[in-house]
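Each chain is listed here by its residues.
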Amino acid sequence: MKYKVPYINLPLSFSNDQAELLNIFIDVCSNGRFILRQEVDEFESAIANFVGVRHAIGLNSGTDALFLGLKALGIGKGDEVITVAHTFVATIAAIVHCGATPVLVDIREDDFTMDSAKFAEAITPRTKAVLPVHLNGRVCQMNKIREIAHRHNLLIIEDAAQAMGSRYNDLMAGAIGNCGCFSFHPMKTLSCLGDGGLLTTNDDKLASSVRLLRNHGQKNKQNITEYGFNSRLDNLQAAVLLSKLQQLPKLLARRRFIAEKYSKGLSQTPLLDLPLPPAEGIYWDTYNSFVIKTPKRDALQKDLTKAGIETFVHWNPSLTCHTGLKISSYTLPVTDRISQQVLSLPIFPEMTEKQIDYVITRIIRFFDKEPV
Ligand SMILES: *Cc1c(COP(=O)(O)O)cnc(C)c1O
């Protein structure tokens, strides 16, 4: 189906950047620079600078950034890692694949991120780390989470897959905990042409450990120090990301503009909760997704689809409902309720004013017809 307003528009994004991307392709390919070459180094320096950390290590996905980060921090069998269930399954999978036990806590009603009180309650003598997820480009309440983690001597691994460029007070997502884990999947704000990921850290030892793990434990060809993995960011993707990073401030500003327009346009709608308004100087949200909440979610989504507007539900049913994941024993009332009510609206930098207005109009029209 061809949507009047797609959720995102990757073909359009490509055609806007086509000349530049083709030049990159020709340059990298004609010089045969494919694996861990200069573009990976350059991109790592540029992004470390952008996030404000000492080290950035390019990896093949956000999932691997989480997995290798946990592993390099020594997390394994017998350890508990506290995180949320209102996230993409990769967050929890990374913990499980390290041999550790995920401990799931509920989320805040207003921005769907980790409830720090619930985090504090879930700590046991086996707890090694906390894994907050900066969902939808909004950083978690890190002052509280950090204070609790420090008091209990816990490591902090930030799932910043959706939060490139987001800030909390003076800190960028990915520069707050022991490490930050980013994804460059095409659905994320800074994206490549396929899969890619990154780990950020200020910890020299962690950085060298992840560098080894991503490249089969090879310090160099003469010295293999351990069994590692193949989790390198492709040099071609790094070259693309290096170019896209230049545009990132502009792209984020555009996302924030669209979010503001949505928020203004929909502020009077009954039965509809919007993302929290900007809290000047505290939160700087980047709206990887613009998520509204309504008890009429399913009917609204159906109505918008009929109007040619593509939306997504992130996520329903909640992860605890998938019995194969073996986390069904958790009871997370806020997570469950939110899963029934959230809807992600189209948001992408190329979105036109007309498209934004059309989405607003259709949502208002839907609620005008609905008996309250
Ligand atoms: C996308 C995402 C991941 C995984 O990233 P990939 O690059 O797809 O492996 C992890 N956590 C969250 C919250 C995500 O949105």
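Here, every reference points to the structure presented above.
Just so you know, these numbers come straight off a predicted model, no measurement behind them.

Moving on, we get to the side chain of R232. Examined against the element boundaries, R232 turns out to sit in the loop between strand 11 (223-224) and helix 8 (235-265). Summary of buried charges: R232 has no salt-bridge partner, and the nearest side chain of opposite charge, D234, is 6.6 Å away. Here N215 takes part through its side chain, which lies 2.7 Å from a polar atom of the side chain of R232. Setting aside chain neighbours within four positions, we find R232 in contact with I35, L36, G58, L59, N60, R214 and N215.

A few words now on the packing of helix 1 (residues 10-30) against helix 8. The axes of two packed helices give the description: the angle between them and the distance between them. Contact geometry for helix 1 and helix 8: axes closest at 10 Å, N-to-C directions at 135°. As the angle between them shows, helix 1 and helix 8 are arranged oblique. For the pair helix 1 and helix 8, the sense of crossing is right-handed. Contact residues: helix 1 offers S13, D17, E20, L21, I24, F25 and V28, while helix 8 offers N235, L236, A239, V240, S243, K244 and Q247. Looking at the contact of helix 1 with helix 8, its residues break down into 7 nonpolar, 4 polar and 3 charged.

Around the ligand, a shell composed of 14 residues is seen, among which G62, T63, D159, S183 and K188 lie nearest. Within the side chain of D159, one N or O atom sits 2.8 Å away from a nitrogen atom of the ligand. For the ligand, whose accessible area on its own is 380 Å², the fraction buried by protein is 93%. Secondary-structure elements contributing two or more residues to the shell around the ligand are helix 3 (62-72) and helix 4 (90-97). In terms of residue class, the shell around the ligand is built from 4 nonpolar, 8 polar and 2 charged.

With that out of the way, let us pick up the packing of helix 3 against helix 7 (residues 204-214). Axis separation between helix 3 and helix 7 bottoms out at 9 Å; the angle between their running directions is 125°. Here helix 3 lies oblique to helix 7, going by the angle between them. Relative to helix 7, helix 3 is oriented so that their crossing is right-handed. On helix 7, the residues touching L68, G69, K71 and A72 of helix 3 are L206, S209, V210, L213 and R214. Class assignment for the residues of the contact of helix 3 with helix 7 results in 5 nonpolar, 2 polar and 2 charged.

With that out of the way, let us pick up the pairing of strand 1 (residues 55-59). Looking down a regular strand, the side chains alternate between one sheet face and the other. With 5 of 5 residues buried, strand 1 is to be regarded as a mostly interior element. Burial along strand 1 is two-sided: the face carrying H55, I57 and L59 and the face carrying A56 and G58 are both buried. Bridge count for strand 1 against strand 9 (residues 197-201) is 5 bridges, and the pairing is antiparallel. Residue pairing in the sheet places H55 in a bridge with T201 of strand 9.

Here is what the cut-offs are and how they apply
- Residues numbered from 1 in each chain as written.
- Predicted model: local features only at pLDDT ≥ 70, side-chain atom pairs only at ≥ 80, totals over all residues.
- Heavy atoms only, no water.
- Helix = DSSP H or I, 4+ residues; strand = E, 2+ residues; numbered from the N terminus.
- Buried < 20%, exposed > 50% of the residue type's maximum accessible area, 1.4 Å probe, protein only.
- Lys, Arg positive; Asp, Glu negative; His and termini not counted.
- Salt bridge = Lys/Arg side-chain N within 4 Å of Asp/Glu carboxyl O.
- Polar contact = N/O pair within 3.5 Å; in protein donor to acceptor, adjacent residues only side chain to side chain.
- Contact = heavy atoms within 4.5 Å.
- Axes fitted to C-alpha atoms, helices over the stretch in contact; angles between N-to-C directions.
- Parallel < 35°, antiparallel > 145°, perpendicular 65-115°, else oblique.
- Left-handed = near helix turned anticlockwise from the far one by under 90°.
- Nonpolar A, V, L, I, M, F, W, Y, C, P; charged D, E, K, R; others polar.
- Near = heavy atom within 4 Å.
- Areas by Shrake-Rupley, 256 points an atom, 1.4 Å probe, with all protein chains shown as cover.
- Pairing = 2+ DSSP bridges.

Taken by themselves, the reported measurements are silent on function.
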